[in-house]
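# Working through the structure, step by step
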Amino acid sequence: MSDVSTEVPAGSPKPTIFFDGVSNRRRQVTLALGDALEIAEDGEAPVRWAYADIRRADGPAGVLRLACTSASSLARLEIRDAALAADVTARCLHLDEQQTTRRGTAKIVGWSVAAAVSIVCVVLFGVPLAADRLAPLVPKPVERRIGDAAEVQMKTIFGRSVCEDPAGKAAFTKLVNRLRDAAGLDDTMTAGVLPTSVPNAFALPGGKVFVLKGLLDKAESPDELAGILAHELGHLKHHDNMRGLIYNGGTSFLIGLLFGDVTGSSAVIFASRSLVEASYSREAETGADTFAIEIMHALGRSPKPAAELMFRITGKEGGSGLTTILASHPLTEDRLARMTKEDRPASGPPLLTDKEWQALKGICGGGKI
């Protein structure tokens with residue numbers, strides 16, 4: 001290689017810029033290409049970079065940004081002149097080699113593992129704790145607005161109008177009020193029946209509970225329906241909806257951060273999130289079952305009929321392995337066994353008369369939905 005130096009003057013339309021890695025001062029320099037790359041600034045001693053130590057650094061289009069393994073790790077040289085950049089590149093035979101040492105690799109792996117473990121710990125312990133603490137603090141107007149938005153979506157799916165047969169509505173209101181008073185909820189809590197054949201019930205943020213007509217059709221007694229409603233009131237009492245929103249949002253963000261949103265990662269993220277969210281949901285469902293048992297006992301009624309209704313709808317769910325792990329609810333047969341243990345002879349008055357129960361069964365009218 002020739003020792004004749006090539007220079008680009010500092011006044012070039014495309015000046016070369018140097019950062020020494022010690023200060024943030026932007027230096028306009030000239031380069032001399034001899035047996036090493038010399039970086040010179042007026043009035044300063046030149047800085048020499050051996051060609052073998054020069055590596056390419058990330059930079060904007062049209063700029064050759066260089067670093068040097070034997071210089072400060074923050075030092076950068078930016079060459080904007082294409083001809084000079086090509087000349088320098090030709091001399092730097094190791095320009096695109098990565099010089100990560102074993103020690104450096106171990107450090108990177110170590111920090112990566114530590115970061116992953118930290119995120120997992122936050123998902124498993126930190127986010128649930130934050131959700132438990134924050135959910136009761138959400139202002140009621142905010143919770144109601146969230147519930148209103150969810151109600152619009154639910155009614156779009158299950159029927160826009162609530163069943164309004166006067167006699168059935170009166171019976172339903174009587175049943176809900178007895179459960180609400182026993183649960184210690186205020187009168188801002190509302191409930192309704194939606195005209196769909198799906199057998200289910202759900203609670204929304206802001207004190208809203210909906211029973212779907214399919215569940216009412218399958219119920220054979222007021223106690224069966226009352227136990228399901230008491231379960232949903234348990235979700236309201238424990239702020240499970242808001243806890244779930246906070247938990248699921250935080251979990252989704254952190255698991256996405258852990259695995260990265262790259263091609264092929266979506267299945268991993270979904271599976272991981274499903275595992276942790278299912279566990280959290282089972283906890284909430286078990287707590288709501290406990291609440292329903294307590295409410296039914298407080299009314300002098302048995303919680304067992306509600307579990308019998310659930311079992312009649314779902315049948316035996318027992319399984320092993322992944323199916324059980326991903327179940328968001330406790331198995332129906334386990335719930336039936338638990339509530340059977342809590343079965344007691346009725347010590348309180350019937351929740352509805354036979355006439356009221358028949359009226360409630362017809363709250364959506366006589367036609368098929």
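For the structure, check the block above.
Residues numbered from 1 in each chain as written. Predicted model: local features only at pLDDT ≥ 70, side-chain atom pairs only at ≥ 80, totals over all residues. Heavy atoms only, no water.

## Points about the packing of helix 4 (residues 166-183) against helix 12 (residues 354-361)
Heads up, the condition is: Note on geometry: axes are C-alpha line fits, over the in-contact stretch for helices, and angles between N-to-C directions span 0 to 180 degrees. Helix and strand definitions here come from DSSP, where helices need a minimum of 4 consecutive H or I residues and strands a minimum of 2 consecutive E residues; each element is numbered from the N-terminal end. Any angle that falls under 35 degrees is termed roughly parallel, while one over 145 is termed roughly antiparallel, one within 65 to 115 roughly perpendicular, and all others oblique. Each helix crossing is assigned a hand: it is left-handed if the near helix lies turned anticlockwise from the far helix by less than a right angle, otherwise right-handed if that turn is clockwise. Note on definitions: a residue-residue contact is assigned when non-hydrogen atoms from the two residues lie within 4.5 Å.
Across the interface, helix 4 lies against helix 12 with an axial gap of 7 Å and an inter-helix angle of 115 degrees. The angle between helix 4 and helix 12 falls in the class roughly perpendicular. For the crossing formed where helix 4 meets helix 12, the hand is left-handed. Contact with helix 4, carried on its side by Ala167, Gly168, Ala171, Phe172, Lys174 and Leu175, involves Glu356, Ala359 and Leu360 of helix 12 and no other residues of that element.

## Remarks on a nonpolar patch on the surface
Using the following cut-off: For patches, a residue must show more than 30% relative accessible area and have no salt bridge; joins then use 9 Å for like charges and 5 Å for nonpolar side chains, namely Val, Leu, Ile, Met, Phe, Trp and Tyr. The Shrake-Rupley method, run with a 1.4 Å probe, gives the accessible areas here. Residue values count only the displayed protein chains as cover. What counts as a salt bridge is simple: a side-chain nitrogen of Lys or Arg found within 4 Å of a carboxyl oxygen of Asp or Glu. Remark: exposure states derive from per-residue accessible area (1.4 Å probe, protein chains only) relative to the maximum for the residue type, with buried under 20%, exposed over 50%, and partly exposed in between.
A cluster of nonpolar side chains, Val109, Val113 and Val117, forms an exposed patch at the surface whose accessible area comes to about 240 Å². Mapped onto the secondary structure, Val109 falls in helix 2 (residues 102-134). Taking relative accessible area as the criterion, Val109 reaches 47% and is therefore assigned partly exposed.

## What about the pattern of salt bridges?
One pass over the full model with this rule turns up 21 salt bridges. Measuring nitrogen to oxygen at the nearest pair gives 3.0 Å for the salt bridge that ties Glu151 to Lys208. With a gap of 57 residues between them, Glu151 in helix 3 (residues 140-158) and Lys208 in strand 10 (residues 208-212) connect regions that are remote in the sequence. Accessibility assignment for this pair places Glu151 and Lys208 in one class, buried. As a salt-bridge pair, Asp223 and Arg301 come within 3.0 Å of each other at their nearest N and O atoms. Within this pair, whereas Asp223 is found in helix 6 (residues 222-237), its partner Arg301 is found in the loop between helix 8 (266-298) and helix 9 (304-314), the two being separated by 78 residues in sequence. On the accessibility criterion, Asp223 (12% relative accessible area) is buried. For Arg301, a relative accessible area of 13% gives the class buried.

## A short note on the packing of aromatic side chains
Quick note on the threshold: Each Phe, Tyr or Trp ring, with Trp reduced to its six-membered ring, pairs with another whose centre is within 6.5 Å; inter-plane angles below 30 degrees give stacked pairs, above 60 give edge-to-face pairs, and intermediate values give tilted ones.
Summed over all chains, the structure comprises 2 aromatic pairs. Summarising the aromatic geometry, the rings of Phe18 and Trp49 are spaced 5.9 Å apart at their centres and angled 70 degrees between planes, so their arrangement reads as edge-to-face. Taken together, the residues Phe18 in strand 1 (residues 16-19) and Trp49 in strand 4 (residues 47-49) connect sequence positions 31 residues apart. Taken as a pair, Phe18 and Trp49 share a single burial class, namely buried. Taken together, a centroid distance of 5.8 Å and an interplanar angle of 40 degrees make the contact between Phe202 and Phe210 tilted. Overall, the relative accessible area of 13% leaves Phe202 in the buried class.

## A look at the side chain of Glu151
Applied cut-off: Polar contacts, as counted here, are pairs of nitrogen or oxygen atoms within 3.5 Å of one another; within protein the pair requires one atom able to donate a hydrogen and one able to accept it, and residues that are adjacent in sequence qualify only if both atoms are side-chain atoms.
The exposure class of Glu151 is buried, given its relative accessible area of 13%. A polar atom in the side chain of Glu151 sits 3.0 Å from the side chain of Lys208. Non-local contacts of Glu151, meaning those with residues more than four positions away in its chain, are made with Leu204, Lys208 and Phe210.

## Structural notes on the pairing of strand 6 (residues 64-68)
Regular strands place their side chains on alternate faces of the sheet. To be explicit about the condition: Two strands pair under a simple rule: DSSP has to find at least two bridges between them.
Strand 6 sits mainly inside the fold: 4 of its 5 residues count as buried. Bridging between strand 5 (residues 54-57) and strand 6 involves 4 bridges; their strand directions are antiparallel. Within strand 6, the position partnered with Arg56 by the bridge is Leu66. Where strand 6 and strand 7 (residues 76-79) come together, 3 bridges link them in antiparallel fashion. Pairing of Leu64 across the sheet is with Ile79, part of strand 7.

## As for the packing of helix 9 against helix 11 (residues 332-341)
Convention followed: Residues are grouped as follows: nonpolar covers Ala, Val, Leu, Ile, Met, Phe, Trp, Tyr, Cys and Pro; charged covers Asp, Glu, Lys and Arg; every other residue, Gly included, is treated as polar.
Two numbers describe how helix 9 lies on helix 11: the axes approach to 8 Å, and their chain directions differ by 160 degrees. In terms of orientation, helix 9 and helix 11 fall into the roughly antiparallel class. Along this stretch, helix 9 crosses helix 11, giving a crossing that reads as left-handed. Between helix 9 and helix 11, the residues in contact are Lys304, Ala307, Glu308, Met310, Phe311 and Thr314 and Thr332, Glu333, Arg335, Leu336, Met339 and Thr340, respectively. The residue inventory of the contact of helix 9 with helix 11, partitioned by class, reads 5 nonpolar, 3 polar and 4 charged.

## Focus: the sheet that holds strand 8 (residues 190-194)
The mixed open sheet is built from 3 strands, whose spatial order is 8-10-9. The strands lining the two open edges of the sheet, one partner per strand, are strand 8 and strand 9 (201-204). On average, adjacent strands in this sheet sit at an angle of 20 degrees to one another, irrespective of strand direction. Relative to strand 10, strand 8 is paired through 5 bridges, and the arrangement is parallel. Directly across from Val193, in strand 10, lies its bridge partner Val211.

## Some thoughts on the environment of Ser197
One can find Ser197 in the loop between strand 8 and strand 9. Separated by 21 residues in the primary sequence, Ser197 and Lys218 have C-alpha atoms spaced 9.9 Å apart.

## Details of the nonpolar core
Using the following cut-off: Definition of nonpolar core: a set of buried residues of the types Ala, Val, Leu, Ile, Met, Phe, Trp, Tyr and Cys, connected through side-chain atoms within 4.5 Å.
Core analysis: the largest hydrophobic core is formed by 41 residues, its most contacted members being Leu175, Leu179, Leu225, Leu229, Leu233 and Leu360. Looking at this core, the elements that each hand over two or more residues are helix 4, strand 9, strand 10, helix 5 (213-218), helix 6, helix 8, helix 9 and helix 12. Counting residues per element, this core draws most heavily on helix 6, which supplies 7 residues. Apart from residues lying up to four places away in sequence, Leu233 is in contact with Leu179, Arg180, Ala183, Leu185, Met189, Val209 and Phe291.

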